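The residues making up each chain are set out below.
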Amino acid sequence: MEQKLARVYNNRKRILVTGGAGFLGSHLIDRLLGDGHEILCLDNLFTGTKQNIEHLLFHPRFEFMRHDVTFPLFVEVDEIYNLACPASPIHYQHDPVQTTKTSVHGAINMLGLAKRLKCRILQASTSEVYGDPSVHPQTEDYWGHVNPFGPRSCYDEGKRCAETLFFDYHRQSGLEIKVARIFNTYGPRMHRADGRVVSNFIIQALGREPITLYGDGLQTRSFCYVEDLVDGLVRLMDSPASFTGPVNLGNPIEFTMRELAELVLIETGSPSQFINMPLPQDDPKQRQPSIALAKASLGWEPKVKLADGLKPTVAFFRKQDHAEAAVNISESNQPTLAAIMKRGGGTRAR
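Calculation notes
Residues numbered from 1 in each chain as written. Predicted model: local features only at pLDDT ≥ 70, side-chain atom pairs only at ≥ 80, totals over all residues. Heavy atoms only, no water. Axes fitted to C-alpha atoms, helices over the stretch in contact; angles between N-to-C directions. Helix = DSSP H or I, 4+ residues; strand = E, 2+ residues; numbered from the N terminus. Parallel < 35°, antiparallel > 145°, perpendicular 65-115°, else oblique. Left-handed = near helix turned anticlockwise from the far one by under 90°. Contact = heavy atoms within 4.5 Å. Nonpolar A, V, L, I, M, F, W, Y, C, P; charged D, E, K, R; others polar. Buried < 20%, exposed > 50% of the residue type's maximum accessible area, 1.4 Å probe, protein only.

Enquirer: How should the packing of helix α4 (residues 96-117) against helix α5 (residues 153-173) be read in this particular structure?
Expert: The description of two helices packed together rests on the angle between their axes and the distance between the axes. Running from amino to carboxyl end, α4 crosses α5 at an angle of 15°, the nearest separation of the two axes being 8 Å. Judged by the angle between their axes, α4 and α5 are roughly parallel. α4 and α5 meet at a crossing whose hand is right-handed. Of the residues in α5, those touching α4 at P96, T99, T100, S103, V104, A107, I108, L111, G112 and K115 are C154, Y155, G158, K159, C161, A162, L165, F166, Y169 and S173. Its residues assigned to classes, the contact of α4 with α5 shows 12 nonpolar, six polar and two charged.

Enquirer: Teacher, can you tell me more about the packing of helix α2 (residues 23-34) against helix α7 (residues 226-237) here?
Expert: Axis separation between α2 and α7 bottoms out at 10 Å; the angle between their running directions is 65°. Judged by the sense of rotation from one axis to the other, the crossing of α2 with α7 is right-handed. Residues F23, L24, H27, L28, R31 and L32 of α2 lie in contact with α7, whose contacting residues are V226, L229, V230, D231, L233 and V234. When its residues are assigned to classes, the contact of α2 with α7 shows nine nonpolar, one polar and two charged.

Enquirer: Can you help me understand unusual backbone geometry in this one?
Expert: Phi is mostly negative for residues that are not glycine, and the peptide bonds are mostly trans. A cis amide bond links H136 to the next residue, P137, at an omega of -5°. Mapped onto the secondary structure, P137 falls in the loop between β5 (120-126) and α5. A cis amide bond links G245 to the next residue, P246, at an omega of 5°. Inspection of the secondary structure assignment puts P246 in the loop between α7 and β11 (247-249). Phi is positive for L45, close to 65°, though the residue is something other than glycine. Although it is not a glycine, R208 sits at a positive phi angle of roughly 55°. Inspection of the secondary structure puts R208 in the loop between α6 (197-206) and β8 (211-214). Of the residues examined, R208 reaches a relative accessible area of 60% and is grouped as exposed.

By themselves these figures say nothing about function.
Given below as structure tokens:
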């Protein structure tokens, strides 16, 4: 209790967010700063980017530390949100061994830190722990249908092992834990090269390129706007110690990939056509959360409709495209060294 009082002042907490320069982490930090807390943002910038947090770099209650969670960390904080891990297939399959290490070693290091500090810790788990589910919609008591040695296993099984570690630390050491199983989330600051369906469709539509549908395009996902998801994480962290989770956080309204693509075309005004490609290995055919537990225990449910959430998301990518085009034009107007020398603008020997 003395340690706790030494770190907390006037209800302001010092909060560690690992993966804080990522899409979800940066939005969570915005929310926590808005709530008056002091934030230590930790990221190795593998998939996170300083652009996501550049608006915070001079904030008096924000600090950035470049660090990999697979290595031990020694800091003093009151709460830990463990979000560090590449979350898109393109990124987590790039170095699958490192992905597994990030989930497993990262969990061990952050749990060890929380144990030393006697502080509460939240694990950002994933709907991928359900694999290609045989139960629909997915409830928290479903154990999943996961390939343990496929190309997606580094992420799926890494997150499952992290959950195991969290609950074992809770049972063995009495650590206060929270486990959130996050379903598809979208919004501004998504990585444009992460290969996720929302960003893929938007980028293809804005570029007037064909929109890629895998399989017949009838596989389903449920899409939660990032602000809704962040609200769920904060509510979970602030819930009574007896409520550990795991708890599903996501939007229960189901859309086919074709329906999503059609909404993106409407929002972008793009003339793009659809093309079909083979379905990737182990890609789930359907994904829909049951959020009955989140409603009952957290008083949480998403509020933003997909069509409404796509508006700021499309605007974000459109702004990125305009900024990139402006840079390209500026660079193309710069005279080359050869042109300068031809005009007699080269250096002269004296």
